[in-house]
Every structure is written in C-alpha cells, then in structure tokens.
Amino acid sequence: MGSTIMPALNTLYFYLTEGCNLACRHCWIVPHFDATGQHSPSLPVELFETAIREAKPLGLSSVKLTGGEPLIHPHFRRLLEIVRREGLRLIIETNGLLVTPEIAVEIAESPNRFVSVSIDGSDAATHEWVRGIPGAFEAARHAVINLVDSGTRPQVIFTVMRRNAGQVDAMVQMVEELGANSLKFNVVQPTARGENLQKDQETLDIADLIALGRHVEQDLAPKTKLKLFIHYPLAFRALHRIANENGGGTCGISGILGVIASGHYALCGIGEQVADLTFGEVGKDPLAEVWQENAILKALREGMPERLEGICSRCLMKEPCMGSCIAQNYYRKGSLWAPNWFCEQAEKAGLFPASRQGTTSSQDSFTTNGNAN
Amino acid sequence: MNQTDRPIPNPIVMLREEFDDWAVLYNPDTADAVGINPVGVAVWKMMNGKRSLEQIVAEIGKSFVEVPDAARDEIVIFVSTLAENGFVGLELERKA
C-alpha cells in the first residue's frame, strides 16, 4: 500500500464561474455561454477568502484562477488583490478576451505569476471554429501582447484536433513572434464536449497523437526559443525531456484541491460534471477536515499508484504519472483506479512503448538518471 | 575472493533502448527501473567485467566530443548508484 503521510495542500484550483464568454467545442467543464458574466453563478468573494484562509495552514502556496472564463467573474480584480495580499503564487488560465492592457498591468503586480492563454489555431477561421465566437482570435493574440508588454510572458495552450493539427508548426512561429514564454499542446480529453468531439471523429487518433508528440519533442523543441510541451501521459514522453524539464502529463491531485463556482470543494473541475467528486461546502465544512478525512482523498493517498488497473498497473511510470488524470479516468469508467484512455488505446493499437512496461503489476518504480554525461 | 574495480551488469537487468538514444534499465526481479542518457547507455555497454572503471572513463572520453572535466566523477557516481541499486556488481578476482 502507498504512503499515508498527509501531503501539503499546495494549490487551490478555483473554477470561479459557471459561465464562459466562449463556446469551445472541446471544453470538459461545459460552462453556460455568458458574454458578460452577469448571468451565471460565480464564487462569492467571501468564500474565495475563506477557502484561502483555511488552506494556508495546510500548506497553500498558490492558487489557480480558471473557469469557465475566470475574467468574467464580477469581482475579478478584488480576487487579484486578495492573492497579492496573501503572498500566493498566481496562476491564471484564460481565453484572453478580457485581458485588456489595464488588467495585464494588474496581473503583473503579482510578483510570482503564471498565465496561460488558449489559442487553437494560427488563423482566425480555425481558432474561431473551435472557440465559437467571431473576434476571439484577435482578442487572444492581443491578450498575449498585452501580457508581454506589461512584463508577463505567458504560456499559449493549443488543443490539437483534426481541424488544426496541420497548424502545429505555424503555431510555434506565431507564438514565438508574439513573445510568449512557452507553448503547450493539449490533447482533447473525452470528457463532456470533448467526448462529443471524439465521437464526431474530430480528434486525432492515437497513432497521430503519438507521432505529433515525437514531432514536437524531437523536431520542433530543439529549433525554437519557446519551451514546448505536449500534454500526454508520461509513458510517451522522451526520457531526456522528463529528466530535464517539467512538462506535465501527470495527475497533480496529491497536492491540489478544486473549488467550484457553487462553493463546493471538489477533486478538481470535474466536480462540475460528476457530483461524486465534490467533497463539501466552503465555509460550512472545515477544509482541514475535508483535506484530511474525505474518503476519496484518503483512498487515493492509500491506493495510488498500486491500485491502478489495466495498462496503468503495468506501467513503469505509474508512480509519477498516477494515471495521468484521475478525473478523466473516473468520468469514463466510474473508478478511481481505471486506466487512462490514451494509454489504453495505445496498448490496444500496439503503440504503448514496450520499454516503459514492467513485467509485474504491483511494485514497479521508476527514476531517471540524467547525470552521466 | 576480493572485488575488482571492473563493473559488470547484473545479468537479469534489461537494457531497453528508446528512440532518442536514452534507455530504460529494468530489473524484473525487483521491478526497479531507471532512465539513463546516451552516455549512460555507452557506459552500460562497456561494462563487461573486463574493463576497469578508469578504462571505461577513458573510452568514453574518446567516443564523445566535448567531454566535460566532470565526466569522470559523474560516471563514477553513475556506476556507484547503479551498484547501490543492484543493477551492477563488481567482478570478483579469479585465482590464476
């Protein structure tokens, strides 16, 4: 069985509003369309403060503001003030539509910050096919420019699908020219609208995704000043990338907790979709009790990674990877221990890397040694 | 018998080379695995119980360009770490 030492609650993910000013085809949260943020429930400021106050003794060092679109929260600037006042690292995931020069300057007042802006095409037609709203492309580009001009070099997130896969190289060039710091390629997760996109065969098949990852890591990354990441499970990432960079592809659930717009704690944003994965109410249920005693969180601490099933049980990377995305695995199979869909499909297609598979199913452990050079 | 300074791989450990010239060493007995870089792969392939560690270091120096001064120490640490984790042993002295 795994360690039962209580981990620190490093980061709260705030899903600030149930609304969004875009209507993206692949969204896994499925917010209501709401151009102004006036028509959707949003997390009250006092609950935002309460969650932070109760999380700090548990080890809180950063908050992520996401959504829906976090910037349509009616008191977004007040939230930025609170994050600054509490000395927390600020992480924002935005579609960029409301990142004016003034907001960008205010974001830059947080000394420790990370901002990502989603752009899903190198031209307006492609991005807006994905995002659903005319004008979204130029707004997102200007968001990056406003952030860079005010001293924040953001990450651009590009979610790869059949419609935009041919623009990967062009995206690298465009994002570099915009002055961003990094570009992350996300894979569409088959959750909510992403599930429909997959059923409609608008997503790439597993062989194409693996080939894309190789192209990004082997061909594109060495040629650009941008940091490039592809967000797929660790078993597919090149060892030199794992050893030298922090590129994601793992489930961070051991140190994070979600707070959704309804005021509930949740595993992460999946709580918007799956009621089983909400854990109590901010302000009513003490956070220390939720973090330490919730049955699902306890089960995960005790059972990960040993109880993972299927291909994940045989994977040498299972300890750092933890099934890549527990929320997605639960959404798909109703089990915390279900294997990741990407790895399962790859195994079925004979494309799971043989070098990353153990011959036993319970105790494999993996380290990297990049120093012998 | 005394140990020599000639490292030799644990015969059960599998070297699994990957597309980027890095590799995974996997011990199916213990289920331990470690990722190693291309120099580590070369060192692994040179360990045959006949070459001393110093000979391996010297051969690495000839096989790679721009080998840094710290290479010797890093190779020694690399082999020691593998030995501590049961991936490598040291050849025993044989009676003449």
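Residues numbered from 1 in each chain as written. Chains lettered and ligands numbered in written order. Predicted model: local features only at pLDDT ≥ 70, side-chain atom pairs only at ≥ 80, totals over all residues.

This part takes up the overall build of chain B. Counting its secondary structure elements, chain B contains three helices and five strands. Along chain B, helices and strands appear, N-terminal first, in the series β-β-β-β-α-α-α-β. Counting the 96 residues in chain B, one finds 29% classified as buried. Look at the contacts in chain B between residues 6 or more apart in sequence, and 51% of them connect residues 24 or more apart. (Helix = DSSP H or I, 4+ residues; strand = E, 2+ residues; numbered from the N terminus. Buried ≥ 20, exposed ≤ 12 C-beta atoms within 10 Å, placed from the backbone. Contact = placed C-beta atoms within 7 Å.)

Turning next to the sheet that holds strand β11 (residues 264-266) of chain A. Residue and element names in this part refer to chain A. Strand order in this open sheet of 10 strands is β9-β8-β7-β6-β5-β4-β1-β10-β11-β12, and the pairing throughout is mixed. Edge positions in the sheet fall to β9 (227-231) and β12 (278-281), since each of these pairs with one other strand and no more. Recorded for the sheet is a direction-independent mean angle of 20° between the axes of neighbouring strands. Across five bridges, strand β1 (residues 11-15) lies against strand β4 (residues 62-66) in parallel orientation. Counterpart to F14 in the pairing with β4 is L65. (Pairing = 2+ DSSP bridges. Axes fitted to C-alpha atoms, helices over the stretch in contact; angles between N-to-C directions.)

Another aspect to go through is the packing of helix α1 (residues 38-46) of chain B against helix α2 (residues 53-63) of chain B. To describe two helices that pack against each other, one gives the angle between their axes and the distance between the axes. All names here are of chain B. α2 packs onto α1 with a crossing angle of 130° between their chain directions and a minimal axis gap of 10 Å. With respect to their mutual orientation, α1 and α2 come out oblique. For the pair α1 and α2, the sense of crossing is right-handed. On the side of α1, the interface is formed by V39, A42, V43 and M46, while α2 contributes I56, E59, I60 and S63. The class makeup of the residues in the contact of α1 with α2 is six nonpolar, one polar and one charged. (Parallel < 35°, antiparallel > 145°, perpendicular 65-115°, else oblique. Left-handed = near helix turned anticlockwise from the far one by under 90°. Nonpolar A, V, L, I, M, F, W, Y, C, P; charged D, E, K, R; others polar.)

Moving on, we come to the environment of P7(B). Residues and elements named next belong to chain B. For P7, the location among the structural elements is in strand β1 (residues 3-9). Using a count of 25 C-beta atoms within 10 Å as the deciding quantity, one classes P7 as buried. Residues P7 and M46, 39 residues apart in the sequence, show an inter-C-alpha distance of 9.2 Å. The contacts of P7, once residues within four sequence positions are left out, are M47, L53, V79, V88 and L90.

This part covers the packing of α2(B) against helix α3 (residues 71-84) of chain B. Residues and elements named next belong to chain B. Running from N to C, α2 and α3 cross one another at 130°; their axes reach a closest spacing of 10 Å. The angle between α2 and α3 falls in the class oblique. For the crossing formed where α2 meets α3, the hand is right-handed. Every residue of α3 that contacts α2 at L53, I56, V57, I60 and G61 is listed here: A71, R72, I75, V76 and V79. Residues of the contact of α2 with α3, tallied by class, amount to eight nonpolar, one polar and one charged.

This part takes up helix α4 (residues 124-131) of chain A. All names here are of chain A. Considered for burial, the residues of α4 that qualify are T126, H127, V130 and R131. Taken down its axis, α4 places every buried residue within 120° of arc, on the same side. Looking at the packing, one finds that the buried side of α4 touches α5 (136-149). G132, located one to two residues past α4, shows a positive phi value of around 85°. (Arc of directions from axis to C-beta.)

Residues and elements named next belong to chain A. Within the secondary structure layout, I145 lies in helix α5. Taking the number of C-beta atoms within 10 Å as the measure of exposure, I145 has 17 and is therefore partly exposed. Taking the C-alpha atoms as reference points, I145 and G179, 34 residues apart in sequence, are found 7.4 Å from one another.

Residues and elements named next belong to chain B. Per-chain confidence: chain B averages 88 in pLDDT, with 90% of residues scoring 70 or above. Within chain B, the element-level pLDDT minimum falls on strand β5 (residues 88-92), averaging 77, and the maximum on strand β2 (residues 14-17), averaging 96. For this predicted complex, the interface confidence comes out at an ipTM of 0.80, alongside a pTM of 0.88. (pLDDT = per-residue confidence, 0-100.)

In this section: the pairing of strand β6 (residues 113-118) of chain A. Residue and element names in this part refer to chain A. Counting buried positions along β6 gives five out of six residues, so the element sits mostly inside the fold. Where strand β5 (residues 89-94) and β6 come together, five bridges link them in parallel fashion. When the bridges of β6 are listed, L90 appears paired with R113. After leaving β5, the chain enters helix α3 (residues 101-108) and then returns to the sheet as β6, a path that is right-handed. (Right-handed = clockwise from strand over helix to strand, strands pointing away.)

A separate point is unusual backbone geometry. Residues and elements named next belong to chain A. Going from G67 to G68, the amide bond is cis rather than trans, its omega being 20°. Residue P305 is reached from M304 by a cis peptide bond, and omega for that bond is 0°. Mapped onto the elements, P305 comes out in the loop between α11 (295-303) and α12 (311-314). Phi angles above zero are rare outside glycine, and A192 is one such case at about 55°. Of note, M322 is a non-glycine position whose phi angle comes to about 55°, a positive value. Following the sequence through the fold, M322 ends up in the loop between α13 (318-321) and α14 (326-333).

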